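Architecture at a glance
Okay, here's what each chain looks like letter by letter:
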Amino acid sequence: MTGALMIAPAELARFDSHLRCMRAWGTLDKLPTFVPPVDLLPPPAPAAALPALRGSYDEHKARMRVRAARVYAHQQSALDAPFAELKKQQWQASQGQATQAPPRALARGGCLGLVSNATSGTKDNADASGPVREKIKINRSAQRIKRMRTAVGHAARLLHFDAHSELAAQRWNKKFITLTYRQRDGWRPGHFSKFRDALRQWCKRRKVRCRFVWVAELQGRGAVHYHVVVWLPKGKFLPFADAQGWWPHGATNIKTAQSPISYIAKYASKTMASDVHGYPRGARMHGAGGLDVESRRHIRYWQAPFWVRDALSGRADIRKVTGGYMDRFTGEFLPSPWRVCIGPDGEPWAYRVDQQETMQ
């Protein structure tokens, strides 16, 4: 039939089954009713109780903030207690010497207002001078070179290991930069600091951790030039410092360093103690950037004297204090067996306080 609605027999059978079900349930001639859902949440608090709850929550936050501040203050006091105790002992020793000075003057037979003519070289006061000890002259230039080689070698090794431990960058591009001066006496304070700040800003804009170690060396003509090793991920290309405006004082050169640790250590070992006096006054000889707290503690440990490293473990945070060395973690203090004095030539001399008397 043209224009008639065709309904499949399956649809008619399904419609009849629905009518039979509605007659059986008694819902054929009834409209559907709305049943509200069961409220599983507790009834909301009245408006008057909300300020009280908010006030109790704010008080709880304030109490937790005060408690955290107290814990932090106690921790800082525990760390600084050994250093404060040293200062207190030094002050007590100075006060004791000041109060005991008049009785000692009276014991020597002097009177108030008069000065005794006895000196420390007389026979009467020979026991006050103490035993004669053997003195060792301190070579400050050699000590400076030793600290530089230790710091540069360990800093390069720690940065190289830290860089290759990152999961984000498995392959690294080690660059060796040389910064030279155009003029022989062109060095001025702040030149290298501006280059270092520019390098850090360049790495920060590219979201790269800035890792570098540098050494200052004297050329044959007497001019200072710098050697820098930088660790960059693959795909990051460092521009030339002179073309970029980071080093307008001379020329720069960039090479790929296959062995950055041995490369920078070689230049650190080329400087001798006799070359220290050739550096300009105020010029630093080495430095590093990108070291974390643990790496800096590691370098301080290896820069400490051997007798301090033997007494303290490798986990100690060694700090130099007045009269010796101290572990900042535990507060253990190691008094130095050495004393330093200035000789007639103006050079420092050292002697051991626990040394036996030298027969002369």
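The structure this text deals with has already been given above.
Heads up: these notes are all about the structure in this document. (Residues numbered from 1 in each chain as written. Predicted model: local features only at pLDDT ≥ 70, side-chain atom pairs only at ≥ 80, totals over all residues. Heavy atoms only, no water.)

So, the pattern of salt bridges
As enumerated under the stated definition, the model contains 8 salt bridges in all. A salt bridge links Arg297 to Glu294; the nearest nitrogen and oxygen atoms lie 2.6 Å apart. With Arg297 and Glu294 both in helix H7 (residues 293-303) and 3 residues apart, this pair spans about one turn of that helix. A residue is classified by how much of its surface remains accessible, and Arg297, at 8% relative accessible area, is buried. Note that Asp317 and Arg300 form a salt bridge whose closest N and O atoms lie 2.7 Å from each other. Placement of the pair is Asp317 in the loop between helix H8 (306-311) and strand S7 (318-321) and Arg300 in helix H7, with a sequence separation of 17 residues. Classification of Arg300 as partly exposed rests on a relative accessible area of 26%. Put simply, Asp162, Arg209 and Arg211 are held in one network by salt bridges that share partners. (Salt bridge = Lys/Arg side-chain N within 4 Å of Asp/Glu carboxyl O. Helix = DSSP H or I, 4+ residues; strand = E, 2+ residues; numbered from the N terminus. Buried < 20%, exposed > 50% of the residue type's maximum accessible area, 1.4 Å probe, protein only.)

As for the side chain of Thr150
Of note, Thr150 is situated in helix H3 (residues 140-164). Excluding residues within four positions of it along the chain, Thr150 makes contact with Trp302 and Gln303. (Contact = heavy atoms within 4.5 Å.)

Some details on the nonpolar core
Among the nonpolar cores identified, the biggest contains 50 residues, and Phe195 and Tyr226 are the most heavily contacted of them. Those elements giving two or more residues to this core turn out to be H3, strand S2 (172-179), helix H4 (191-205), strand S3 (211-218), strand S4 (224-233) and helix H6 (260-270). Ranked by residue count, the leading element in this core is H3, at 9 residues. Grouped together as the second largest cluster of nonpolar side chains are 8 residues, Tyr301, Leu312, Tyr325 and Leu334 included. (Core = buried A, V, L, I, M, F, W, Y, C linked by side-chain atoms within 4.5 Å.)

Brief notes about the sheet that holds S7
In spatial order, the strands read S7-S8-S9; together these 3 strands make up an open sheet with antiparallel pairing. The open sheet has two edge strands, S7 and strand S9 (333-335), and neither has a second partner. The mean angle between the axes of side-by-side strands here comes to 25°, regardless of whether they run parallel or antiparallel. When strand S8 (residues 324-327) meets S9, the two strands line up antiparallel, connected through 3 bridges. Paired with Tyr325 across the strands is Leu334, a residue of S9. (Pairing = 2+ DSSP bridges. Axes fitted to C-alpha atoms, helices over the stretch in contact; angles between N-to-C directions.)

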